[in-house]
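One-letter residues, chain by chain:
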Amino acid sequence: QVQLVESGGGLVQAGGSLRLSCETSGTISSPFSMAWYRRAPGKTRDLVGYITSGGSTNYVDSVKGRFTIDRDNAKKTMYLQMNNLKPEETAVYYCELLGADQRDYWGQGTQVTGSS
C-alpha cells in the first residue's frame, strides 16, 4: 500500500517562505513522477508543478521563479520550497505520485495560510 504524507504547512506572512515535504512509503512502481497541487478555498485543485523520475521539473507560470520542487530518492521524499508567498496562495497543498503502472496516489494535504 503506497502512502503519501505531507507536512510543513502553516501560517506565513506575505513574502515569507515555507518548505513542504511529501514522504512516501510502500512499494512504488518505478520510474515514477511526483507533483504538487493546491486547492484554494472554493476553487478546484490545481497543479503547482511536477518532478520526473529523472529530476526534471516544470511549474505553472504563476509560481515560476518562486517555487522549487526537488526530491530525495534515498529518503523517498519530495519537497516544495515556496518563497515570496502571496496571501492568495492560501490553500491546501497536496502531493501526488504517478507510478509506472499509471496508478496515482494522493496525500491528505497540508494547509498553507498566507497573511497580508
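Above this note sits the structure.
The following paragraphs examine the structure supplied in this document. Model, not experiment: these values are computed from the prediction.

Another aspect to go through is the state of the cysteines. Applying the stated rule across the entire model yields one disulfide. Disulfide partner of C22: C95, at an S-S distance of 2.0 Å. Disulfide C22 to C95: torsion about the S-S bond roughly 60 degrees, handedness right-handed. With a gap of 73 residues between them, C22 in strand 3 (residues 18-25) and C95 in strand 9 (residues 91-98) connect regions that are remote in the sequence. Take C22: its relative accessible area is 0%, and that puts it in the buried class. A residue is classified by how much of its surface remains accessible, and C95, at 0% relative accessible area, is buried.

A separate point is the layout of surface pockets. In this structure, the largest pocket spans a volume of roughly 170 Å³. Around the largest pocket, the lining is made up of 13 residues, and of these R38, A40, S62, E88 and E89 lie nearest the centre. Within the lining of the largest pocket, the residues separate by chemical class into two nonpolar, three polar and eight charged.

A separate point is the nonpolar core. With 27 residues, the main nonpolar core has W36, M82 and Y93 as its most contacted residues. Those elements that place two or more of their residues in this core are strand 3, strand 4 (33-39), strand 5 (45-51), strand 7 (67-72), strand 8 (77-82) and strand 9. Here Y93 is in contact with E6, L20, Y37, R38, V48, F67, L80, M82, G109, T110 and V112, once residues within four sequence places are set aside.

Looking at where D72 falls in the secondary structure, it is placed in strand 7. Linking D72 and E23, residues 49 residues apart in sequence, is a C-alpha distance of 9.7 Å. Dropping the residues within four chain positions of it, D72 is found in contact with T77 and Y79. Here A74 takes part through its backbone nitrogen, which lies 3.0 Å from a polar atom of the side chain of D72.

This next bit is on the pattern of salt bridges. Summed over the entire model, instances satisfying the criterion amount to four salt bridges. In this structure, D70 engages R19 in a salt bridge whose closest nitrogen and oxygen atoms are separated by 3.5 Å. You can see D70 sitting in strand 7 and its partner R19 sitting in strand 3, a full 51 residues away along the chain. We classify D70 as partly exposed; its relative accessible area is 28%. Across the salt bridge formed by E89 and R66, the nearest N and O atoms sit 2.5 Å from each other. One end of the pair, E89, is in the loop between strand 8 and strand 9; the other, R66, is in the loop between strand 6 (57-59) and strand 7, and 23 residues separate them in sequence. When salt bridges with common partners are traced through the structure, they connect R38, R66 and E89 into a single cluster.

Conventions adopted
Residues numbered from 1 in each chain as written. Predicted model: local features only at pLDDT ≥ 70, side-chain atom pairs only at ≥ 80, totals over all residues. Heavy atoms only, no water. Disulfide = S-S within 2.5 Å. Helix = DSSP H or I, 4+ residues; strand = E, 2+ residues; numbered from the N terminus. Buried < 20%, exposed > 50% of the residue type's maximum accessible area, 1.4 Å probe, protein only. 1 Å grid on protein atoms, 1.4 Å probe; cavity = no way out; pocket = protein on both sides within 12 Å on 5 of 7 lines; lining within 4 Å. Points joined across faces, edges and corners; volume = space filled by probe spheres on them. Nonpolar A, V, L, I, M, F, W, Y, C, P; charged D, E, K, R; others polar. Core = buried A, V, L, I, M, F, W, Y, C linked by side-chain atoms within 4.5 Å. Contact = heavy atoms within 4.5 Å. Polar contact = N/O pair within 3.5 Å; in protein donor to acceptor, adjacent residues only side chain to side chain. Salt bridge = Lys/Arg side-chain N within 4 Å of Asp/Glu carboxyl O.

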